[in-house]
Amino acid sequence: MTEFVPDQNALARLGEQVRARLADNPAVYRVPAEPVELFAVGDFLSADECTRLCAMIDAVARPSALHELDYASGFRTSYSGDLEPHDPFVAAISQRIDALLGVKAAIGEPVQGQRYQPGQQFKPHNDWFYVTEGYWPQEEARGGQRSWTAMAYLNAVEAGGATAFTALGIQIEPKPGVLLLWNNALPDGHPNEATLHAGLPVESGAKYVITKWYRTRAWR
Ligand SMILES: O=C(O)CCC(=O)C(=O)O
Ligand SMILES: [Fe+2]
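Residues numbered from 1 in each chain as written. Chains lettered and ligands numbered in written order. Predicted model: local features only at pLDDT ≥ 70, side-chain atom pairs only at ≥ 80, totals over all residues.

Under an unreviewed UniProt entry, the name given to the protein chain is 2OG-Fe(II) oxygenase, and the organism recorded is Erythrobacter ramosus. UniProt, in the comment section headed Cofactor (unreviewed entry), describes the protein chain in these words: "L-ascorbate". (UniProt positions renumbered as here; feature names shortened; annotations may be inferred.)

Engineer: What is the right way to read the overall build of the protein chain from this model?
Structural biologist: The secondary structure content of the protein chain amounts to four helices and 14 strands. Relative to the compact-globule value of 17 Å for 220 residues, the protein chain shows a C-alpha radius of gyration of 16 Å, a close match. For the protein chain, the C-alpha atoms occupy an extent of roughly 50 × 40 × 35 Å along the three principal directions. The buried share of the protein chain, reckoned over its 220 residues, is 38%. Intrachain contacts of the protein chain at a sequence separation of at least 6 include 77% that bridge at least 24 residues. (Helix = DSSP H or I, 4+ residues; strand = E, 2+ residues; numbered from the N terminus. Rg over C-alpha atoms; globule rule 2.2 N^0.38 Å. Buried ≥ 20, exposed ≤ 12 C-beta atoms within 10 Å, placed from the backbone. Contact = placed C-beta atoms within 7 Å.)

Engineer: Would you mind showing me how to read the sheet that holds strand β4 (residues 79-82) here?
Structural biologist: What links the strands of a sheet is backbone hydrogen bonding, and the strands pair in either a parallel or an antiparallel sense. Spatially, eight strands are ordered β1-β2-β11-β7-β14-β5-β4-β3 in an open sheet, and the strand pairing comes out antiparallel. A strand with exactly one partner marks an edge of an open sheet, and here the two such strands are β1 (28-31) and β3 (62-63). When β1 meets strand β2 (residues 38-41), the two strands line up antiparallel, connected through four bridges. Bridge pairing links Tyr 29 to Ala 40 in β2. Strands in contact with helix α1 (residues 8-23) are β1, β2, β7 (146-153) and β11 (179-183); relative to β7, the strand with the most contacts, it is inclined by about 40°. (Pairing = 2+ DSSP bridges. Axes fitted to C-alpha atoms, helices over the stretch in contact; angles between N-to-C directions.)

Engineer: Just checking my understanding: could you explain the sheet that holds strand β9 (residues 163-165) for this structure?
Structural biologist: Spatially, β6-β12-β9-β10 is the arrangement adopted by the four strands of the open sheet, whose pairing is antiparallel. Edge positions in the sheet fall to β6 (122-125) and β10 (170-172), since each of these pairs with one other strand and no more. If you compare each strand with its neighbour and ignore which way they point, the axes differ by 15° on average. Pairing between β9 and β10: three bridges, direction antiparallel. Bridged to Thr 163 within β10 is Ile 172.

Here you go:
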């Protein structure tokens, strides 16, 4: 039996398009993470840009909300908020990520900032949407399934706070200016279960990141 996978063709197409684009860019390093397409770019953001983004996050961060579980459940205990998309500095960074991936700006969500303080974490999750959940009809109408994730580290964390791909046994230590990219789908357009990942608890210091999620259709 073949099940219906929403946006499957678009996910497959975006996988192919971005994969080819990244392969042509010598600044992009492929992290061995089969069966996940995971990439890293060093010094994607300058030290000044990181500092400026951290200050912007401090100004917008509120307890992080999730669709299916709220802050109080302890699942995502960081603070987060969307950065002002019309701010020229934010818009320029957002466009740089779009250009790196070679995708249309319209499919990108606003850049989100996130801050973790000691003890705060984001437990293992997938960035793609579960289409059986109550939130799906609304997300489907807002641009559909998520395709790629871009996430940049903005500071060096004193201890803890790695990004763990829990199904792969891979941990990435935060390093300021580094951008991570991964495809949330398999080449055939099915959501990739192996993309399960977590922001491990920060043990000391703070951790700041920006995240930009891409849909399959225009985000609104
Ligand atoms: O903070 C991290 O390392 C992971 C963040 C994350 O998974 C997300 O924002 O979707
Ligand atoms: Fe995530």
